[in-house]
Amino acid sequence: MTTFRADAAQAAELDRADPLAGFRAHFHLPQHDGRDEIYLCGNSLGLQPRNTERYMREELEDWQRLGVKGHFDGRRPWMPYHEFFAERTARVVGAKPIEVVNMNSLTVNLHLMMTSFYRPTAKRHKIVIERGAFPSDHYAVEAQIRLHGLDPDTSLVELAPATGRAYIEESDIEALLEAEGESVALLMLPGVQYYSGQAFDMERIVRAGHACGCTVAFDLAHATGNIPLKLHDWDVDFAVWCNYKYMNAGPGAVAGCFVHECHARAFDRPRLAGWWGHDKQSRFRMGPEFVPMPGAEGWQLSNPPVFGLAPLLASLELFDEAGMDRLRAKSLMLTAYLEFLLREKLSAEVEILTPADPQRRGCQLSLRLHAGRHQARRVFERLEEAGVTGDWREPDVIRVAPVPLYNSYADVFGFVEILAGLVTA
Ligand SMILES: Cc1ncc(COP(=O)(O)O)c(C=O)c1O
C-alpha cells in the first residue's frame with residue numbers, strides 16, 4: 001500500500017511508476033491556454049480516443065467506395081456490424097457475448113427491457129427504485145407503470161436511506177424486500193449512483209431480489225467501464241448503460257444492454273419487435289412472422305447505426321489492451337490519492353459525499369463545499385477558468401472523476417492545488 005504525501009514530487013513519481021500511464025497518449029485532451037486541461041469529467045462525457053477518427057473514416061471510405069456493397073464487402077461489413085462488439089463488450093461487463101448488444105440509447109433500452117421483464121400481476125405489480133434516481137429512469141418507470149393501467153402511487157416504491165444515514169445500505173434493500181417482496185415485480189437500481197458515486201453490492205442485491213421472486217435490473221450508466229462487473233455470475237436479469245461516459249464512445253453514443261443467458265430463449269415474453277431482432281438466417285426472406293434471435297440481439301429493432309457505433313470500437317480496443325483489472329487497480333489508487341489530498345489540504349472546506357470505503361465507489365468523488373451554494377457555484381466557475389473540468393450538480397455538488405485510462409496523478413494534484421487556492425483565498 002502506497003503512503004501518500006501531499007507534494008508535487010510524489011505525483012510525478014506515481015505517474016512514472018504507473019503501468020497504464022501510456023494510455024493517456026491515446027486520447028485527445030482538451031486544451032486550455034496551450035496545455036492539457038485537467039479533465040475530470042469522464043463520468044459525464046469520456047474523452048475521444050485518437051483512433052476514433054480512423055474507425056469513423058474507414059466507414060466513410062467504405063461507404064464512398066462500396067455504396068450498398070459495404071454491407072458485405074466493407075472492412076467491417078455493416079450487416080453483422082454489431083457483432084464486432086459483442087465479445088469486447090462482454091469482457092467489460094462480465095458477460096457472455098450472447099448476453100450483450102449495443103443498440104439505441106440507455107432510456108430506450110430501459111423501456112425495451114421493461115416491456116419484456118415488467119409484467120405486473122394483481123399481486124406482484126411494484127417497481128422499486130431509489131429515491132433520487134436519475135430522472136430519466138424515474139420517468140421511464142412511471143411511464144411503464146401507467147402503460148399497464150396502474151398507478152405510480154401504489155406501484156412505485158422509492159427507497160430512501162434510513163433516517164440519519166447518507167446512503168441506501170444493502171441491508172435497507174433486504175429489509176424492504178422482506179416486508180413487501182411478494183408484491184415487487186422489478187427491482188431497478190444503479191450500479192454506481194450518479195450523484196453520490198456510491199457503488200452498490202449488486203451480487204447481494206440480486207440474491208435478495210431473487211429470493212423474493214423479483215426481477216433484478218441495473219442502470220449501469222456510471223458503472224460500465226468504471227468498476228469491475230460480473231453480470232453473468234451475479235445473475236442480473238437485465239442491465240442497461242450508456243457508452244458516452246466511461247466507455248468514451250462520444251456524445252449520445254449507442255448504448256449497451258445485457259440480458260442474462262437464462263432469458264436468452266424466453267421467446268414467449270412479449271417484446272417490442274423489429275427486423276434486426278429476427279433470426280438472421282431467415283431475416284431477408286421478409287416473412288411476416290417474427291422469429292427472435294436468442295440472446296440480447298433478439299431485442300434489436302433496427303439495423304446497426306454504423307457511424308454511431310464506430311467510435312465504440314476504438315474505445316473497446318483500449319479497454320481490451322488495458323484490461324478491467326489493471327484499470328480498477330489504478331482507479332483505486334488514483335481516487336484514494338484524490339481523497340488523501342482533499343483530506344490533507346481541505347478537510348475544513350470540502351465534504352466528500354462519496355463513501356470512504358473504496359469497495360463502495362468507483363473513480364468519482366462528489367464534493368460539497370461548506371461555503372454554501374452561491375460560493376460553491378463561484379468556485380466551480382473559477383475552476384473552469386483555471387482549466388479544470390469537473391461537473392456541477394444542483395444544488396451545491398461538484399463531481400470529479402479521475403479516470404484511469406487517461407488521467408494522471410499530476411491531474412489530481414493540480415486539481416486539488418487549484419481548488420485549495422480558490423477556497424482558502
Ligand atoms: C444514471 C443515468 N441514467 C440514465 C441516463 C440517461 O441516459 P440517455 O440520455 O442516454 O438515455 C443518464 C445520463 O446521463 C444517467 O446518468
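A few words on the pattern of salt bridges. Inspection of every chain in the model, using the stated rule, returns 30 salt bridges. In this structure, Glu59 and Arg76 form a salt bridge, with 3.2 Å as the shortest nitrogen-oxygen distance. In this pair, Glu59 is assigned in helix H2 (residues 52–66) and Arg76 in the loop between helix H3 (70–73) and helix H4 (83–93), connecting sequence segments 17 residues apart. For Glu59, a relative accessible area of 0% translates into the label buried. For Arg76, a relative accessible area of 15% gives the class buried. Glu182 is paired through a salt bridge with Lys123; the nearest N and O atoms lie 3.9 Å apart. Of this pair, Glu182 sits in the loop between helix H8 (170–180) and strand E9 (184–190) while Lys123 sits in the loop between helix H5 (106–117) and strand E7 (126–130), placing them 59 residues apart in sequence.

Before going further, it helps to examine the sheet that holds strand E8 (residues 156–159). Strands in a sheet are paired, the pairing made by backbone hydrogen bonds, and the direction either parallel or antiparallel. With mixed pairing, seven strands are arranged side by side in an open sheet as E6-E12-E11-E10-E9-E7-E8. Only two strands of the sheet have a single partner each, and these edge strands are strand E6 (100–102) and E8. Across this sheet, the average inter-strand angle for adjacent strands is 15 degrees, counted without regard to direction. Both E7 and E8 contribute to a ladder of four bridges, which runs parallel. Directly across from Ile129, in E8, lies its bridge partner Glu158. Sheet strands touched by H5: E7, E9, strand E10 (215–219), strand E11 (238–241) and strand E12 (256–259). Its angle to E11, the strand with the most contacts, is close to 165 degrees.

With that settled, consider the nonpolar core. Formed by 68 residues in total, the largest nonpolar core has its most connected members in Ile173, Phe218, Leu220, Leu229, Leu231 and Leu405. Examining the composition of this core, we find that ten residues originate from one element, helix H10 (residues 306–322), more than from any other. With residues near it in sequence (within four places) discarded, Leu405 still touches Phe23, Arg24, Phe27, Asn248, Phe319, Ala322 and Leu327. If you look at the next biggest cluster of nonpolar residues, it comprises 33 residues, including Leu346, Val379, Leu383 and Val400.

Here we come to the site of the ligand. Leu106, Thr107, Phe134, Asp137, Asp219, Ala221, His222, Tyr244 and Lys245 make up every residue found near the ligand. One nitrogen or oxygen atom from the side chain of His222 is found 3.1 Å from an oxygen atom belonging to the ligand. Residue Tyr244 places a side-chain N or O atom 2.7 Å away from an oxygen atom belonging to the ligand. Out of a free accessible area of 390 Å², the ligand has 81% covered by protein chains. A breakdown of the residues in the shell around the ligand according to their chemical character gives four nonpolar, two polar and three charged.

Across all of its chains, the model carries 16 aromatic pairs by this definition. Grouping aromatic residues by their ring pairs yields a cluster made of Phe4, Tyr337, Phe340 and Tyr409. Here the guanidinium or amino end of Arg54 rests over the ring plane of Tyr55, the centre of that ring lying 4.7 Å away. Between Arg271 and the ring centre of Trp299, over which it is positioned, the NZ or CZ distance is 3.9 Å.

All right, on to the state of the cysteines then. Per the counting criterion, the structure on display carries zero disulfides. Its sulfur unpaired, Cys262 is 14 Å from the next cysteine sulfur, which belongs to Cys257.

Before going further, it helps to examine unusual backbone geometry. Note that the residue after Glu394, namely Pro395, is joined by a cis bond; omega there is 0 degrees. Relative to the helices and strands, Pro395 resides in the loop between strand E16 (391–393) and strand E17 (397–400). A positive phi angle, close to 55 degrees, is found at Asn104, a residue other than glycine. As for its position among the elements, Asn104 is in the loop between E6 and H5.

As a further point, take a negative patch on the surface. There is a patch of like negative charges on the surface, built from Asp201, Glu203, Asp233 and Asp235. Relative to the helices and strands, Asp233 resides in the loop between E10 and E11.

There is a patch of nonpolar side chains on the surface, built from Leu60, Trp63 and Phe307 and spanning about 300 Å² of accessible area. Inspection of the secondary structure puts Trp63 in helix H2.

A word on the packing of H8 against helix H9 (residues 202–211). Orientation of H8 relative to H9, taken along the N-to-C sense of each, is 5 degrees, at an axis distance of 10 Å. Our classification of the angle between H8 and H9 gives roughly parallel. For the pair H8 and H9, contact is made by Glu170, Ser171, Ile173, Glu174 and Leu177 and by Arg204, Ile205, Ala208 and Gly209, respectively. Within the contact of H8 with H9, the residues separate by chemical class into four nonpolar, two polar and three charged.

Okay, the pairing of strand E14 (residues 365–369) next. Counted residue by residue, E14 has four buried out of five residues, so it is predominantly covered. As paired strands, strand E13 (residues 350–352) and E14 are joined by three bridges and run antiparallel to one another. Within E14, the position partnered with Glu351 by the bridge is Arg368. Of the strand pairs in this sheet, E14 and E17 are connected by four bridges, and their pairing is antiparallel. Across the sheet, Arg368 pairs through a bridge with Val397, a residue of E17.

Calculation rules
- Residues numbered from 1 in each chain as written.
- Predicted model: local features only at pLDDT ≥ 70, side-chain atom pairs only at ≥ 80, totals over all residues.
- Heavy atoms only, no water.
- Salt bridge = Lys/Arg side-chain N within 4 Å of Asp/Glu carboxyl O.
- Helix = DSSP H or I, 4+ residues; strand = E, 2+ residues; numbered from the N terminus.
- Buried < 20%, exposed > 50% of the residue type's maximum accessible area, 1.4 Å probe, protein only.
- Pairing = 2+ DSSP bridges.
- Axes fitted to C-alpha atoms, helices over the stretch in contact; angles between N-to-C directions.
- Contact = heavy atoms within 4.5 Å.
- Core = buried A, V, L, I, M, F, W, Y, C linked by side-chain atoms within 4.5 Å.
- Near = heavy atom within 4 Å.
- Polar contact = N/O pair within 3.5 Å; in protein donor to acceptor, adjacent residues only side chain to side chain.
- Areas by Shrake-Rupley, 256 points an atom, 1.4 Å probe, with all protein chains shown as cover.
- Nonpolar A, V, L, I, M, F, W, Y, C, P; charged D, E, K, R; others polar.
- Phe/Tyr/Trp six-rings, centres within 6.5 Å; stacked < 30°, edge-to-face > 60°.
- Lys NZ or Arg CZ within 6 Å of the ring centre and 35° of its normal.
- Disulfide = S-S within 2.5 Å.
- Patch = residues over 30% accessible without salt bridge, like charges linked within 9 Å, V, L, I, M, F, W, Y side chains within 5 Å.
- Lys, Arg positive; Asp, Glu negative; His and termini not counted.
- Charge placed at Lys NZ, Arg CZ, Asp CG, Glu CD.
- Parallel < 35°, antiparallel > 145°, perpendicular 65-115°, else oblique.

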